[in-house]
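Residues per chain, in single letters:
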Amino acid sequence: MRILVLGAAGQVGFELARSLAGLGRVLTADRMVDADAGVALAIDIGDLSTLRQRVDELAPNVIVNAAAYTAVDQAEDEPEAADRVNHEAMHVLAQLAAASGALLVHYSTDYVFGGDGDAPYREDQPPAPRSVYGRTKLAGEQALAQSGCAYLLLRTAWVYAARGRNFLLTMLRAAAQRDELSVVDDQIGSPTTARFLADTTATLVRRWLHAPAPGRAQLQGACHVVADGQVSWCGFAREIIGRAHALGLLPRATPVRAISSAEYPARAQRPAYSVLNTERLRSQFAVMPPPWQVGLEHTLLEIAQARRSLAGAGFEVKRC
């Protein structure tokens, strides 16, 4: 069993290499080979001709696409680049999967929804993206659904980890450098760890691989994978800083001031409410998402443990 992970250097791809290891031989790929990040193959999904050739040569049984154009504001100025990675590359991968019979796993976003509601979005609710990023991710979803390949489309939101570039690490750095932070309080979502997303991916792939062929169709399609509960960015920032201070990761609990989205203008419009309904994940796959606070605590403990290990090895470790 050959499992190809694209975008393996990212925070989700890094976790996938661990989570999927028990299912077969994991082939890790990103734009450049990086032994430190565990990336063994160079495959740039933005280079469509090379993508087609390399994936065809590798002939994976499962393709997990954790690569994406995620610079939400920058996408407003680079719509072609965002579309090439988020949409056109999906068209190529879906064609390859349909021809070979491989399972294609792809990640999408809460940003495909408009955010005007006040109840968690179901998988079958009409999308209404408000940004170039959201529209290109939706186009990728549609290319996948129309391809005829076997696929899992996992929508997620507010993903973070102990490594990479994400809101958690940004808040830790900012809280150590400033006397006060200002964070928007009128955008609501569900912070989700890359580890939970990767572990859930492995669970769903395992179910699909072990299912009888006639029953696999019932396991395919869209599924929402996020942590349980909801919070604003401001509330999340306050929780990060308070817990990090208690663990000794920050020298002080830097205060966080709540502001509106209008007070923090951004190039791209974000959904005000983008909580995702996880009923299918719970009922069909028996995966119970943990409260988002649990994921946060585990991630901060991972960061604290890594710093203690470095300090024990003789490295100088400063607080954030």
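Residues numbered from 1 in each chain as written. Predicted model: local features only at pLDDT ≥ 70, side-chain atom pairs only at ≥ 80, totals over all residues. Heavy atoms only, no water.

> Got a minute to help me understand the packing of aromatic side chains in this structure?
For any pair of aromatic rings, the description rests on two quantities: the centre-to-centre distance and the angle between the ring planes. Overall, the coordinates contain seven aromatic pairs when judged by the stated rule. Both rings, one in Phe-113 and one in Tyr-121, keep their centres 4.3 Å apart while their planes meet at 15°; by these two values the pair is stacked. There is no split in this pair, since Phe-113 and Tyr-121 are both buried. Ring geometry for Phe-236 and Trp-292: centres 5.7 Å apart, planes at 90°, overall edge-to-face. Pair noted here: Phe-236 is in helix α7 (residues 233–246) and Trp-292 is in helix α9 (residues 292–312), with a separation of 56 residues, a long-range link. The pair Phe-236 / Trp-292 is uniform in exposure class, with both members buried. Taken together, Trp-158, Tyr-160, Phe-167, Trp-233, Phe-236 and Trp-292 form an aromatic cluster joined through their ring pairs. The residue whose ring lies beneath Arg-216 is Trp-208, and the NZ or CZ to ring-centre distance is 4.0 Å. (Phe/Tyr/Trp six-rings, centres within 6.5 Å; stacked < 30°, edge-to-face > 60°. Buried < 20%, exposed > 50% of the residue type's maximum accessible area, 1.4 Å probe, protein only. Helix = DSSP H or I, 4+ residues; strand = E, 2+ residues; numbered from the N terminus. Lys NZ or Arg CZ within 6 Å of the ring centre and 35° of its normal.)

> Explanation requested: the pairing of strand β2 (residues 25–30) in the structure shown.
The side chains of a regular strand alternate between both faces of the sheet. Sheet topology places strand β1 (residues 2–6) next to β2; five bridges connect them, and they run parallel. In the strand pairing of β2, Arg-2 is matched with Arg-25. (Pairing = 2+ DSSP bridges.)

> What exactly am I supposed to notice about the sheet that holds strand β3 (residues 41–42) here?
Working definition: the strands of a sheet are paired by backbone hydrogen bonds and lie parallel or antiparallel to each other. Here we have seven strands laid out as an open sheet, ordered β3-β2-β1-β4-β5-β6-β11, and parallel in their pairing. A strand with exactly one partner marks an edge of an open sheet, and here the two such strands are β3 and β11 (221–224). In this sheet, β11 lies alongside strand β6 (residues 150–156) in parallel orientation, the contact comprising four bridges. Residue pairing in the sheet places Leu-152 in a bridge with Gly-221 of β11. Along the sheet, helix α3 (residues 79–100) makes contact with β1, β4 (62–65) and β5 (103–109), crossing β5 at roughly 155°. (Contact = heavy atoms within 4.5 Å. Axes fitted to C-alpha atoms, helices over the stretch in contact; angles between N-to-C directions.)

> Before we go on, may I ask you to explain the pattern of salt bridges in this structure?
Proximity of charged atoms lets side chains of opposite charge pair with each other. Enumeration over the complete set of coordinates arrives at 13 salt bridges. For Glu-57, the salt bridge goes to Arg-54, with nearest N and O atoms at 3.2 Å. One end of the pair is Glu-57 and the other is Arg-54, both in helix α2 (residues 48–58) and three residues apart, which spans about a single turn. Its relative accessible area of 22% is what places Arg-54 among the partly exposed residues. Salt-bridge contacts for Asp-73 lead to Arg-270; the nearest nitrogen and oxygen are separated by 2.6 Å. Taken together, the residues Asp-73 in the loop between β4 and α3 and Arg-270 in the loop between β13 (256–259) and α8 (279–285) connect sequence positions 197 residues apart. Under the relative-accessibility criterion, Asp-73 is labelled partly exposed at 26%. (Salt bridge = Lys/Arg side-chain N within 4 Å of Asp/Glu carboxyl O.)

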